[in-house]
Amino acid sequence: MIQTTRSIIAALAAFAALLGAPPALAQFEGRSAADVVEVSLLPGWRMQNGNHMAGVRISLAPGWKTYWRAPGEGGVPTIITLTEASGIDGMAIHWPSPDVFYVNGMRSIGYRDEVILPVEFALSQQGEVSIAGEIDLGVCLDVCMPVTLDLVGLLPPVTDRVHEIGLALSDRPLTATEAGAGRATCAVQPIADGLRVTVSVDMPTTGSDETLVLEHRNPGIWVSEATTRREGATIRAVADVIPPGRPGPFPLSRSDLRITVIGSRMAVELDGCTG
């Protein structure tokens, strides 16, 4: 899904408020962000639909980690925002399959050592497009530090495919059809501050340490970490979904839920569920 630049800026504002506006070069045990993480833009190629596929390479010092779009209770989300977006109508990150980590008893979801995030830009003009912006992310060893780094570069009007971006795109979670999974069902129960959602889906084994992550397409709606268990061919998980403002039960469209099952062998992503 292509995000508008307005929604990207709103997401950044929410992130800054959550973390108290993290400094550009935070310190951790005497090390600055520059010591542990580098970010660069891979120019990519112009797509047949007129959009442009680029990549953001995040390179980390050995042993360090960064986070997925839904980072878990032990992480902070990775957010890209554009400060110069002339000729760009929106953008979407195509997230590679993440890993699940446990640090100090808390679960987090993300990437080790290095990850390339394919980023698709919707363009409103032809020719070369320059971009400038920032990427906010958490980098972690045993403790996390939030950092903000500049992201600048050019999107050239070429069709050459960048090998590294292609590999990252191929590492996406499988669809339900590709994985041989069934349709997910979601049972919804009102609770004091929102809704409790129980997800059931027939799913081939994805490997050890299977984790189901439930997300709502509205980032302002909070979803708790799901408790996950496998019962034969079926994975079941329970999570609480809490609206912003005045918490309480609210109308929920099951099509707005996104379900990802992450195992040691593969990840599978399902859009929406039935009642």
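Report on the accompanying structure. Just so it is clear, the structure is predicted and the values come from calculations on it, not from any experiment. (Residues numbered from 1 in each chain as written. Predicted model: local features only at pLDDT ≥ 70, side-chain atom pairs only at ≥ 80, totals over all residues. Heavy atoms only, no water.)

## Examining the overall build of the protein
At step 1: The secondary structure content of the protein amounts to four helices and 21 strands.
At step 2: Per-residue burial over the protein gives 51% buried out of 275 residues.
At step 3: For the protein, long-range pairs separated by at least 24 residues make up 70% of all intrachain contacts whose partners lie at least 6 apart in sequence.
At step 4: Of the roughly 12900 Å² that the protein leaves accessible, carbon and sulfur atoms contribute 52%. (Helix = DSSP H or I, 4+ residues; strand = E, 2+ residues; numbered from the N terminus. Buried < 20%, exposed > 50% of the residue type's maximum accessible area, 1.4 Å probe, protein only. Contact = heavy atoms within 4.5 Å. Areas by Shrake-Rupley, 256 points an atom, 1.4 Å probe, with all protein chains shown as cover.)

## Things to note about the pairing of strand S14 (residues 185–191)
At step 1: Note that S14 and strand S15 (residues 194–202) share seven bridges and pair antiparallel. Directly across from Thr185, in S15, lies its bridge partner Ser200.
At step 2: Hairpin geometry of S14 and S15 is characterised by an intervening segment of two residues between the two adjacent antiparallel strands. (Pairing = 2+ DSSP bridges.)

## Focus on the nonpolar core
At step 1: If you look at the biggest cluster of nonpolar residues, it comprises 39 residues, and the most contacted ones within it are Val37, Val56, Ile58, Phe121, Val139 and Leu155.
At step 2: Sequence-distant contacts of Leu155, that is, excluding residues within four places in its chain, are made with Leu41, Pro43, Arg46, His52, Ala54, Ile88, Phe121, Leu123, Gly127, Glu128, Val129 and Ile131.
At step 3: With 28 residues, the next largest nonpolar core counts Ala176, Val223, Ala226 and Val268 among its residues. (Core = buried A, V, L, I, M, F, W, Y, C linked by side-chain atoms within 4.5 Å.)

## Some thoughts on the pairing of strand S10 (residues 106–112)
At step 1: For S10, a buried count of five out of seven residues is recorded, marking the element as mostly surrounded by other parts of the structure.
At step 2: Across three bridges, the pairing between strand S6 (residues 65–67) and S10 is antiparallel. Paired with Lys65 across the strands is Arg112, a residue of S10.
At step 3: Relative to S10, strand S9 (residues 99–103) runs antiparallel, the two sharing five bridges. Along S10, the bridge assignment pairs Val100 with Ile109.
At step 4: Hairpin connection between S9 and S10: a loop of two residues separates the two successive antiparallel strands, and Asn104 in this loop has a positive phi of roughly 55°.

## Considering the packing of aromatic side chains
At step 1: This model, assessed by the stated rule, comprises zero aromatic pairs.
At step 2: Note that Lys65 overlies the ring of Phe101, its terminal NZ or CZ placed 5.3 Å from the centroid. (Phe/Tyr/Trp six-rings, centres within 6.5 Å; stacked < 30°, edge-to-face > 60°. Lys NZ or Arg CZ within 6 Å of the ring centre and 35° of its normal.)

## A few points about the environment of Trp45
At step 1: In this structure, Trp45 sits in strand S4 (residues 37–46).
At step 2: Overall, Trp45 belongs to the buried group, its relative accessible area being 8%.
At step 3: In the structure, Trp45 is positioned 114 residues away from Thr159 in sequence and 4.6 Å away in space, judged by C-alpha atoms.

## A word on the sheet that holds strand S21 (residues 267–271)
At step 1: Taken in spatial order, the three strands line up as S16-S20-S21 in an open sheet, and their pairing is antiparallel. Lying at the two open borders of the sheet, with one neighbouring strand each, are strand S16 (211–216) and S21. Between one strand axis and the next, the sheet turns by 15° as a mean value, whatever way the strands run.
At step 2: As paired strands, S16 and strand S20 (residues 257–262) are joined by six bridges and run antiparallel to one another. If you follow Leu212 over to S20, its bridge partner there is Val261. (Axes fitted to C-alpha atoms, helices over the stretch in contact; angles between N-to-C directions.)

## A short note on the pattern of salt bridges
At step 1: Tallying each qualifying case throughout the model produces 13 salt bridges.
At step 2: Asp99 is paired through a salt bridge with Arg112; the nearest N and O atoms lie 3.4 Å apart. Taken together, the residues span a long stretch of sequence, with Asp99 in strand S9 and Arg112 in strand S10 at a distance of 13 residues.
At step 3: Classification of Asp99 by relative accessible area gives partly exposed; the value is 35%.
At step 4: Classification of Arg112 as partly exposed rests on a relative accessible area of 46%.
At step 5: The partner of Asp240 in a salt bridge is Arg196, with the nearest N and O atoms 2.7 Å apart. With Asp240 in strand S19 (residues 234–242) and Arg196 in strand S15, the pair connects residues that are 44 residues apart, well separated along the chain.
At step 6: The class for Asp240 is buried, based on a relative accessible area of 18%. (Salt bridge = Lys/Arg side-chain N within 4 Å of Asp/Glu carboxyl O.)

## Notes on helix H3 (residues 163–170)
At step 1: Those residues of H3 that fall on the buried side of the exposure criterion are Ile165, Gly166, Ala168 and Leu169. Seen from one end, H3 has its buried residues packed into an arc of 160°, which puts them on one side. Along H3, exposed side chains directed more than 90 degrees from the buried face belong to His163 and Ser170.
At step 2: Among the structural elements, S4, strand S5 (52–60) and strand S11 (114–123) are those in contact with the buried residues of H3. (Arc of directions from axis to C-beta.)

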